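Chain residues, written in single-letter form:
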Amino acid sequence: MQMTTRALRPCWLNCYGAEDRSFLSDGELLAIDAMEDAIAPLDEQTTRIRQVITGFEACYHEADKEAQFIIGAICAGHCPQRSNERPAQRRRDLENARDILAAWCVDPSGKSADREIGGVRANELLGFLGEPNPLKLWQVARIVDKVRSALEPDRPYRNLVLGVGEYGEPGECTAEAHYRGDLPLLRRTRETMIHDTADGKPSKVSLAYAIDLLMPCVWDFGGSLVTILKAIGGDLHPVRPLACCARNIRLSPLYDRLTTISNALNDFWKGRTAGRDTDPHILASLGTPTPAKRWLAASLDKTIRLHLTLPFNMNLF
């Protein structure tokens, strides 16, 4: 008899990698999948809400607001309309980063703009770089490319080491092919190691990876930018660990709030009264449980908890 291997459902791909088999031993996840099977076929609005949960990332700088938006959708039974515009303060930070660093690349001796990023003034940011040289100019230009791609969709960023596109799709060409005229600079950027900690344990990150993973939506964009600029300037031992994507997620100022939201969702779908370290207002707002609401609440609860607890196992060097 031919044995079949259970596949990870696509809705969990923001929690487990496609090749990760550890979900097979996660009894709670399997129980949540069984809840989905019990209410199949899903109606259009339930499907749309689950798709939004699949797009949830705890490292997002407004992850708490995103979780509450999803909870509102679960309560209402549909996804309300919302703007796709980037939050105004984050957009200003990105624009300032692009403009400050692009100006430095053109004229490192010029007067810095009177702007700031995450509370750090432009002259302080540029001071981390030290004296300019061709390698530093090239590396800072790559940061400008990365930030600009978030503001100007027609200007895609080309990764220095990651072999994927902006959304995880296979890359169109290798870094060596794209930067073939600057291979020594690319090599030195890859070989430069930032030494910090990941979840409290000694770790290291290639400068090339750090630039590739300077995501415009991450909670610690300003702190990550400072770490990268200091590394370019020669300081490879930051006091503040690099927080990129899910790396060092426990340092996020939203960690405790997301835990409280997850606890409320857990109480709801498991039919408990509000316990300690939970939000009774969220629990009350969910109203009367229905099979669809319980499944969606369980899905969001599980997604948040996995994002906050799964180890970041990707080597960045």
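Residues numbered from 1 in each chain as written. Predicted model: local features only at pLDDT ≥ 70, side-chain atom pairs only at ≥ 80, totals over all residues. Heavy atoms only, no water.

Caption draft 1: Inspection of the pattern of salt bridges at higher detail. Inspection of the entire model under this criterion finds 26 salt bridges. Arg-82 is the partner of Glu-66 in a salt bridge, and the nearest nitrogen-oxygen pair spans 2.7 Å. With Glu-66 in helix H3 (residues 63-76) and Arg-82 in the loop between H3 and helix H4 (88-106), the pair connects residues that are 16 residues apart, well separated along the chain. Here Arg-240 ties to Asp-220 by a salt bridge, and the two come within 2.5 Å at their closest N and O atoms. With Arg-240 in the loop between helix H10 (221-232) and helix H11 (255-269) and Asp-220 in the loop between helix H9 (207-212) and H10, this pair connects stretches of sequence that are 20 residues apart. One network of salt bridges, in which partners are shared, links Asp-26, Glu-28, Lys-270, Asp-301, Lys-302 and Arg-305. (Salt bridge = Lys/Arg side-chain N within 4 Å of Asp/Glu carboxyl O. Helix = DSSP H or I, 4+ residues; strand = E, 2+ residues; numbered from the N terminus.)

Caption draft 2: Inspection of unusual backbone geometry at higher detail. In this model, Ala-40 is joined to Pro-41 through a cis peptide bond whose omega is -5°. Within the fold, Pro-41 resides in the loop between helix H1 (27-39) and helix H2 (44-54). The residue Cys-245 is not glycine, and still its phi comes out positive at about 50°. With respect to the helices and strands, Cys-245 occurs in the loop between H10 and H11. Positioned with a positive phi, Asn-248 is a non-glycine residue whose angle comes to about 60°. Examined against the element boundaries, Asn-248 turns out to sit in the loop between H10 and H11. Accessibility expressed as a relative area gives 4% for Asn-248, which makes it buried. (Buried < 20%, exposed > 50% of the residue type's maximum accessible area, 1.4 Å probe, protein only.)

Caption draft 3: Structural detail: the environment of Arg-115. By the secondary structure assignment, Arg-115 is in the loop between H4 and strand E1 (116-117). Placed 23 residues apart in sequence, Arg-115 and Arg-92 show a C-alpha to C-alpha distance of 9.7 Å. Apart from the residues lying within four places of it in its own chain, the contact partners of Arg-115 are Glu-95, Asn-96, Asp-99, Ile-100, Val-120, Arg-121 and Ala-122. Within the local environment of Arg-115, its side chain forms a polar contact with the side chain of Asn-96, the two groups lying 3.1 Å apart. (Contact = heavy atoms within 4.5 Å. Polar contact = N/O pair within 3.5 Å; in protein donor to acceptor, adjacent residues only side chain to side chain.)

Caption draft 4: Structural detail: the nonpolar core. Ile-70, Ile-143, Phe-221, Leu-225, Leu-258 and Ile-304 are the most contacted members of the largest nonpolar core, which has 90 residues in total. No other element matches helix H13 (residues 291-309), which puts 8 residues into this core. The residues contacting Ile-304, other than those within four sequence positions of it, are Phe-56, Ala-67, Leu-258, Ile-261, Ser-262 and Leu-265. (Core = buried A, V, L, I, M, F, W, Y, C linked by side-chain atoms within 4.5 Å.)

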